[in-house]
Amino acid sequence: MTIAEVSKKTDLSTDTLRYYERIGLIPEVERTESGIRNYTDYDIGWIEFAKCMRSAGMGIESLIEYKKLYNKGDATIEARKQLLLDQREIIETKINELKDTLEKLNYKIDNYDTKMRECEIKLSKK
């Protein structure tokens, strides 16, 4: 697949795809004889993984570290797992913070609903 096709498929800009490759976040993409990038399913798998982890808040540095560890083979499985566990903990903390925020918002909204009903009752009595 060309970079334009991958860009459309992954919803990442061609600049982002080039950047990810340049910094080693995804494997170096093979090129045709004329120098055009030719993405494989393997490359797209890495792109989708990187995109998912970035959406989850994982930093570029951690993703690059993960990729380096992956390239070193099975001896790094525990270290790779730990990177993912660390990220999961960060996400769980954010989820809990968001739940707390949602509770506070719902409380405030409920208070406004009560106030509005009280105002309507007062107005109807006049």
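Every chain is numbered independently, its residues counted from 1 as its sequence is written. Local features in a predicted model are, by the rule used here, given only for residues with pLDDT of at least 70; side-chain atom pairs are given and counted only at 80 or more, and totals for whole chains, interfaces and linings are based on all residues. The side-chain figures draw on all heavy atoms in the structure; neither hydrogens nor water molecules are used.

Participant: Mind showing me how you'd approach the environment of Glu65 here?
Facilitator: With respect to the helices, strands and loops of the structure, Glu65 is situated in helix 4 (residues 60-72). Residue Glu65 is classed as partly exposed on the basis of its relative accessible area, which comes to 38%. When the C-alpha atoms of Glu65 and Ala79 are compared, they prove to be 9.7 Å apart, with 14 residues separating the residues in sequence. Only DSSP runs of H or I reaching four residues or more are called helices, and only runs of E reaching two or more are called strands; each is numbered from the N terminus. The buried label goes to any residue with under 20% of its type's maximum accessible area, the exposed label to any with over 50%, and the partly exposed label to all in between, with areas taken from a 1.4 Å probe on protein chains only.

Participant: What is the right way to look at the environment of Arg80 in this model?
Facilitator: Secondary-structure assignment places Arg80 in helix 5 (residues 77-125). Distance from Arg80 to Lys51, taken between C-alpha atoms, is 17 Å for residues 29 residues apart in sequence.

Participant: Which parts of the structure should I look at to understand helix 1 (residues 3-10)?
Facilitator: One turn of an α-helix holds 3.6 residues; hence residues three or four places apart share an orientation. Along helix 1, the positions that sit buried rather than exposed are Ile3, Val6, Ser7 and Thr10. Taken down its axis, helix 1 places every buried residue within 105° of arc, on the same side. Exposed side chains of helix 1 directed beyond 90 degrees from the buried face belong to Ala4 and Lys8. The inward-facing, buried residues of helix 1 contact helix 2 (14-22) and helix 3 (41-55). In the stretch just after helix 1, Asp11 is the one whose phi turns positive, near 60°. Throughout, the arc means that of the directions going from the helix axis to the C-beta atoms. The criterion used for residue contact is that any of the two residues' heavy atoms lie within 4.5 Å.

Participant: Explanation requested: the pattern of salt bridges in the structure shown.
Facilitator: Side chains carrying opposite charge are able to pair once their charged atoms draw close together. By convention in these notes, a salt bridge is any Lys or Arg side-chain nitrogen within 4 Å of a carboxyl oxygen on Asp or Glu. Enumeration according to the criterion identifies two salt bridges in this entry. Note that Asp15 is salt-bridged to Arg18, the shortest N-O span being 3.3 Å. Here Arg18 and Asp15 lie together in helix 2, a separation of three residues that amounts to about one turn. With a shortest N-O distance of 2.6 Å, Arg37 and Glu21 are connected by a salt bridge. One end of the pair, Arg37, is in the loop between helix 2 and helix 3; the other, Glu21, is in helix 2, and 16 residues separate them in sequence. In this structure, Arg37 and Glu21 share a single accessibility class: buried.

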